[in-house]
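# An overview of the molecular structure
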Amino acid sequence: MNLLTHLRTLFGPAVGAVAPDPAKVPDYLAAIKPAGNPEHGDYQANFAMALAKAAGRKPPEVAKDIVAALPPTADLDPPTVAGPGFINLKFSSAFLARAVQSLATDPRLGTPLAALQKTFVIDLSGPNVAKPLHVGHLRSTIIGDALVRILRYLGHTVVGDNHLGDWGTQFGILLYGYKHHRDDAAFAADPVRELARLYIAVRKLFKQVTDDDDEGPTDDPVKKACQEETAKLHAGDPENVALWRTFMPACLEMLRPIYDRLDVHIDHALGESFYNPMLPSVVADLLAKGIAAESKGAVVVPNAKGVIPQTDADQKKEEPPAIVRKRDGAFTYTTTDLATIRHRMDTWKPDAMLYVVDARQALHFKTLFANARRWGYDGVEFQHVQFGSILGKDKKPFQTRAGGVVELSALLDEAADAALTKYEASYADRKAHGHDVPELTDAVKRDIAEVVGIGAVKYADLSGNRTSDYVYDPDKMTATDGNTASYMQYAYARCCAIFRKENIDPARFRTDPPAVILGEPAERALALQLLRFPEAIDAAAADYLPHLITGYLWDLAKAYSVFFENCPVLKAATPELRDSRLLLVDLVGRTIRRALDLLGIRVVERM
Ligand code: ARG
């Protein structure tokens, strides 16, 4: 059960009775929110002000009328009206106790499937293969995977699609490198390694290394030669196409260990190359439908104001017209993305298409979506699920010591190392204090460090609002205290330890739950928090914001820690109380585990 939904259902008829326009009732009900200050109650309804305005009455009177019109319910303590018409709502402890007890038997921990089942295509990860992975693609992979998991959990059909950059200028670099600098024996023995070496070696020959191997005019002879190789590949030159086919498996192989390590498995990887054969027909169709027009030898879709650039000044207007075929006949990122939309609509008929891509591409997607709608795809929800940059501790875009693009695997190693160091310190400390700690063989250590290290990277990425930049700091992200993965993983392991210590099988609490007793404020607060999990999942899914789940976890962890300090579990005063508290502990563990799983983060039973 979602507590908010429950309250809105309770209030529906009472609000309907005073609302001037019945169609607006859901909007008014949206003003029921968690209380800012728990002393005032669990939730607060702020709709009386708006309703009073619409009816020309005084808000406190309207609030009182609504409260009086509520059906009798034992679920709430009597609601109170405060200040300018706020209605304070507090669930009765009896209701919370019953609700938590039934939560214990629910494998879904209270979260119903979405009422409206949809099909989503999620465009995630999207690395440019044949290049070392960039940190930006780390965010797309982690955030995208969390959204796949969250939406699937709600029962939606979710198709993950990795729009690989597998047709870009980086292949010119590889083709040039392969033709002029290859080591045949090395390529035969380990093509992945040899291609990576060639890529780096050729880029070192550029007079000036830029981040994006841009295609613009250049007087750098090596760069120019690379660009020519790319152009030949795109023109279908048989030798270059054959080499591209040889390189591709090795390029994909470079990505595999990273995805494995991140535990991310994407359904499809239809990259740019897949759409290449379809591009001429996209342009022809846009021309035939009068959506695109020729302009100075290029083919262009005008912007919303209908501007087709005739001058360079036109080109600079805020929302640029989209070029779908350049003067030299080359197609663009936009042409490929339009072909992709058509293919996805034909294949999966989604209700929504989400693009988990760097905020710097905002203009591209704004224009793309507008053009797709003009092209006839106007019944689908397009969303650019954008995210900010990863920054170094100096607040500048993140770079490794070597500079330039960051080797992702090195980054993950670093996180796992930091996790291991912290883990060993805390382990030694706990052992010295006589705590229950597992035997530390090297294999156990390595497993834990990997789970904690990768979890730390993911959690750090997911725990801020995705639209903000965040500072990559391995030391902070592996901290064992605060809103981090390690803290949640420890909390989970501590829940397991309580059962292990006395050899108690938690299964009993899930099949035949004991009565729940909520005598202490800390017990009540924890029960309320456990019941709020569905609300967090729904909110995260509604706005594609995974940090609403980490925020929930952090509140849960805090409520658990207050409970833990104030409410002895194994040494509870009566067997009934002990059972009730064990049930709460089991639910905390299950909820943490499920919430972390929705974020793609693993746990271990013993740390
Ligand atoms: N490969 C692109 C890049 O690194 C990201 C692809 C995003 N997806 C898309 N359909 N455009 O910039």
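Not measured: the values here are computed from a predicted model. (Residues numbered from 1 in each chain as written. Predicted model: local features only at pLDDT ≥ 70, side-chain atom pairs only at ≥ 80, totals over all residues. Heavy atoms only, no water.)

### What about the pairing of strand β10 (residues 352-358)?
With respect to burial, β10 is a largely interior element, seven of its seven residues being buried. As defined by bridge partners, strand β5 (residues 119-123) adjoins β10 across four bridges and the pair is classed as parallel. Bridge pairing links F120 to A352 in β10. Note: β10 against strand β11 (residues 381-387), seven bridges, orientation parallel. Residue pairing for β11: A352 is matched across the bridge by E381. Handedness of the crossover joining β10 and β11 through helix α16 (residues 362-374) is recorded here as right-handed. (Buried < 20%, exposed > 50% of the residue type's maximum accessible area, 1.4 Å probe, protein only. Helix = DSSP H or I, 4+ residues; strand = E, 2+ residues; numbered from the N terminus. Pairing = 2+ DSSP bridges. Right-handed = clockwise from strand over helix to strand, strands pointing away.)

### What to know about the environment of D358
As for its placement among the helices and strands, D358 is situated in strand β10. We classify D358 as buried; its relative accessible area is 13%. Considered as a pair, D358 and G126 are 232 residues apart in the sequence and their alpha carbons are 11 Å apart. Contact partners of D358, with chain neighbours within four places excluded, come to H384 and F387. Here R360 takes part through its side chain, which lies 2.7 Å from a polar atom of the side chain of D358. (Contact = heavy atoms within 4.5 Å. Polar contact = N/O pair within 3.5 Å; in protein donor to acceptor, adjacent residues only side chain to side chain.)

### Brief notes about the sheet that holds β10
Within a sheet, adjacent strands bond to each other through the backbone by hydrogen bonds, running parallel or antiparallel. Here four strands make up an open sheet; going across it, the order is β6-β5-β10-β11 and the pairing parallel. Two strands in the sheet have a free side with no partner beyond their single neighbour: β6 (157-161) and β11. Mean inter-strand twist for the sheet, computed between neighbouring axes without regard to direction, equals 20 degrees. With five bridges joining them, β5 and β6 adopt parallel strand pairing. (Axes fitted to C-alpha atoms, helices over the stretch in contact; angles between N-to-C directions.)

### Thoughts on the packing of helix α3 (residues 48-55) against helix α4 (residues 59-69)
The contact between α3 and α4 brings their axes to 8 Å, and the two run at 110 degrees. Classed by the angle they form, the pair α3 and α4 counts as roughly perpendicular. Counting all contacts with α3, which are made through A48, M49, L51 and A52, the residues of α4 involved are P59, V62, A63 and I66. Residue classes in the contact of α3 with α4 are distributed as eight nonpolar, no polar and no charged. (Parallel < 35°, antiparallel > 145°, perpendicular 65-115°, else oblique. Nonpolar A, V, L, I, M, F, W, Y, C, P; charged D, E, K, R; others polar.)

### Here we look at the site of the ligand
Residues in close proximity to the ligand include D123, G126, N128, H137, H163, Y333, D337, Y355, V357, Q361 and F365, which together make up its full environment. A distance of 2.8 Å separates a nitrogen atom of the ligand from a polar atom in the backbone of G126. H137 places a polar side-chain atom, nitrogen or oxygen, 2.8 Å from an oxygen atom of the ligand. Relative to its unbound accessible area of 350 Å², the ligand is 89% covered by the protein chains. Of the residues assigned to the shell around the ligand, the class counts are four nonpolar, five polar and two charged. (Near = heavy atom within 4 Å. Areas by Shrake-Rupley, 256 points an atom, 1.4 Å probe, with all protein chains shown as cover.)

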